[in-house]
Amino acid sequence: MLFVTISQYLAIACLSVLCIWYIDHRWKRRKWYSCAKNVPGPYALPVIGAAYHFLSDPSRAKWRRHRKLINSSFGQKALHSFLPIMAVRSGDLVKDLQNTVGDKIAPLYHIISRYTVELTFQTAFGVNMNLNSIEGKLDEVIDKMIELLTERILKIWNHLDIIWYLSGKQKEFQYYQNRLREVVNEVVKRKMEGERSKDSETEIEVANDHENLPRSAAFLDSLMANTDLDESEIKDEVNTFIIAATDTTAKALTSLFAIFGIYPDIQEKVYREVIEKVGLVGDPTPEDLSQLEYTERVIKEVLRLFPPGFMISRYASGDIDIGDNITVPEGASIAIPILQIHRSGEYWEDPLKFDPDRFLPDAAKRHPLSYLGFSHGPRNCIGKHGNSYS
Ligand code: HEM
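Since the model is a prediction, treat every value here as computed from it, not as a measurement.

**Details of the overall build of the protein**
Along the protein, the regular secondary structure elements total 16 helices and six strands. Counting every position in the protein, which comprises 390 residues, the buried fraction comes to 21%. Across the protein, the fraction of contacts at a sequence separation of at least 24, relative to all contacts at a separation of at least 6, is 69%.

Right, here's the structure in full:
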């Protein structure tokens, strides 16, 4: 009689998982792995290739058309028109943060992310959110979605659909995705109703309730005015904006404040510069902001050491010859590990040292792509300020 012990069961189970992984992952991608062998660099786990599927859309033509439209409705002029509301909301954020003074632990990210969500809605979409409504918890929804995506990308076993589904993570992700979708639907619906009635009294109001602030040309208005886009395309863009703008900004600010806590002298220098160049009263102007040179260097250094977009990826729509006998084959996903590049001794001297002066105009020349806080090229960050952050 065949007697199977628990350890034999386990061995068979492991072997089965390995076989599924080999067929599902390695064998189907064997051409890519063979090409990747020629690429110099650290040993690559078969982990990162799937990142692309979660982070962007392979239909390049569609993206190009949308990007052109977004660029035209999200230029410097639109960004500058957001300054007054940003000043008001920054004041509110400071008050909220003051309430945590003296606390041993302050949930910085959670306080800040609420504001970045609200501001995105108020500026880019031109709608105000009621924080007590379900939609007000959107910051938590986005946070959970990004946490789950990161878990799927970085933990190799989660690449196997079977494990991801059986672990219940897919269901959890779907739940949050549906909640985000509901919000997006609601925003577009209310906005359309608002456009028709101009006086909607709803939880999400089409409004600018800070009476003295000029109504900004919201990005969503331009999208909706464009007859080339259907409703589902508009919703896709709203979705992308929510994910791209809110969590990144909240993480960047959280890291900045943590750095202020670690280096009070840096905080003091930033404070003095802001007081001197912008002052405590009145709205900051674009010219004021362009004078905050030290502050900008500190932000860049924060984004170098703690880039919210720690890894991006691209899809090779055709074979790409990148020199040195290396061809990236069509269909492959290419991972660009921003965090590793930003902390690499190959590109940065004493890479783990926090030193804003690396970004002084006369600092030693470095590789032009060694800093990718807002990515690079045609698909870079739309929220990147002017050219100064390149
Ligand atoms: C500190 C804050 C931010 C950081 C670090 C950041 C970083 C990035 C990075 C690295 C990408 C490139 C993704 C890629 O190359 O695949 C990106 C894309 C994007 N970002 Fe940002 N971002 C920030 C804030 C914002 C804000 C405030 C907005 C909107 C107002 C925004 C809108 C976008 C959009 C729409 C894209 C997609 C562009 C495209 O696919 O064409 N981001 N961001």
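The structure having been displayed, the exposition proceeds.
**So, the nonpolar core**
Judged by nonpolar contacts, the single largest core of 22 residues is most densely connected at A124, F125, V187, L220 and V238. Elements supplying a minimum of two residues to this core: α7 (108-125), α8 (138-154), α10 (169-197), α11 (219-225) and α12 (231-262). Not counting residues within four places of it along the chain, the set of residues in contact with L220 comprises A124, F125, G126, K191 and V238. Of all hydrophobic cores here, the second largest spans 13 residues; its members include I112, A250, I259 and V302.

**A word on the UniProt feature "binding site: heme" (unreviewed entry) in the protein**
Under the present numbering, the feature "binding site: heme" (unreviewed entry) in UniProt falls on C381. Among the structural elements, C381 can be located in the segment after α16 (338-342). Among the residues examined, C381 registers 16 C-beta atoms within 10 Å and is labelled partly exposed. Dropping the residues within four chain positions of it, C381 is found in contact with F374 and S375.

**Topic: the site of the ligand**
In the region of the ligand, 22 residues are neighbours, and A245, G309, S375, C381 and G383 sit closest. Considering each element in turn, the shell around the ligand owes the most residues, seven residues, to α12. For the shell around the ligand, the residue count by class is 11 nonpolar, nine polar and two charged.

**Some words on the environment of V328**
Inspection of the secondary structure puts V328 in strand β5 (residues 327-328). For V328 and A364, which are 36 residues apart along the polypeptide, the C-alpha to C-alpha distance reads 32 Å. Those residues in contact with V328, other than ones at most four positions away along the chain, are C35, A316, D319, I320, I322 and I334.

**Topic: helix α15 (residues 293-305)**
One turn of an α-helix holds 3.6 residues; hence residues three or four places apart share an orientation. The end-to-end C-alpha distance of α15 is 19 Å, a good match for the 18 Å that 13 residues give at a rise of 1.5 Å each. Listing the buried residues of α15 in full gives T295, V298, I299, E301, V302, L303 and R304.

**Some points on α8**
Between the first and last C-alpha of α8 there are 24 Å, a value that for 17 residues agrees with the 24 Å anticipated at 1.5 Å per step. Turning to α8, its buried residues number three or more, namely L138, D139, V141, I142, M145, L148 and I153.

**Overview of the confidence of the model for the protein**
Mean pLDDT over the protein: 81, with 81% of residues reaching 70 or higher. In this model residues 45-58 is a low-confidence stretch, pLDDT under 50, and it forms 29 contacts with partners more than four residues away in sequence or in other chains. Note that pLDDT drops below 50 for residues 197-214; the model gives that stretch 33 contacts with residues more than four away or on any other chain. Scoring the predicted complex yields pTM 0.80 and, for the interface, ipTM 0.96.

**So, the packing of α12 against α15**
Packed helix pairs are characterised by how far apart their axes lie and by the angle those axes make with each other. Orientation of α12 relative to α15, taken along the N-to-C sense of each, is 110°, at an axis distance of 10 Å. Compared by their axis directions, α12 and α15 come out roughly perpendicular. Seen from α12, the contacting residues are A252, S255, L256 and I259; seen from α15, they are I299, V302 and L303.

**Brief notes about unusual backbone geometry**
The phi angle at D324 is positive, at roughly 50°, despite the residue not being glycine. Looking at D324, the number of C-beta atoms within 10 Å reads 8, which means it is exposed. For D350, which is not glycine, the phi dihedral falls at a positive 45°. Tracing the backbone through its elements, the reader meets D350 in the segment after α16.

**Some details on the packing of α8 against α12**
Viewed as axis vectors pointing N to C, α8 and α12 meet at an angle of 95°, and their least axial separation amounts to 10 Å. Relative to α12, the element α8 lies roughly perpendicular. Contact with α8, carried on its side by D139, I142, D143 and I146, involves I242, I243, T246 and D247 of α12 and no other residues of that element.

**Side note on the environment of V278**
Assignment of secondary structure puts V278 in the loop between α13 (264-277) and α14 (286-290). When the 18 C-beta atoms within 10 Å are taken as the criterion, V278 is described as partly exposed. Sequence-wise, V278 and Q291 are 13 residues apart; in three dimensions their C-alpha atoms are separated by 8.6 Å.

Cut-offs applied
Residues numbered from 1 in each chain as written. Predicted model: local features only at pLDDT ≥ 70, side-chain atom pairs only at ≥ 80, totals over all residues. Helix = DSSP H or I, 4+ residues; strand = E, 2+ residues; numbered from the N terminus. Buried ≥ 20, exposed ≤ 12 C-beta atoms within 10 Å, placed from the backbone. Contact = placed C-beta atoms within 7 Å. Core = buried A, V, L, I, M, F, W, Y, C linked by C-beta atoms within 7 Å. UniProt positions renumbered as here; feature names shortened; annotations may be inferred. Near = placed C-beta within 6 Å. Nonpolar A, V, L, I, M, F, W, Y, C, P; charged D, E, K, R; others polar. Expected span 1.5 Å × (residues − 1). pLDDT = per-residue confidence, 0-100. Axes fitted to C-alpha atoms, helices over the stretch in contact; angles between N-to-C directions. Parallel < 35°, antiparallel > 145°, perpendicular 65-115°, else oblique.

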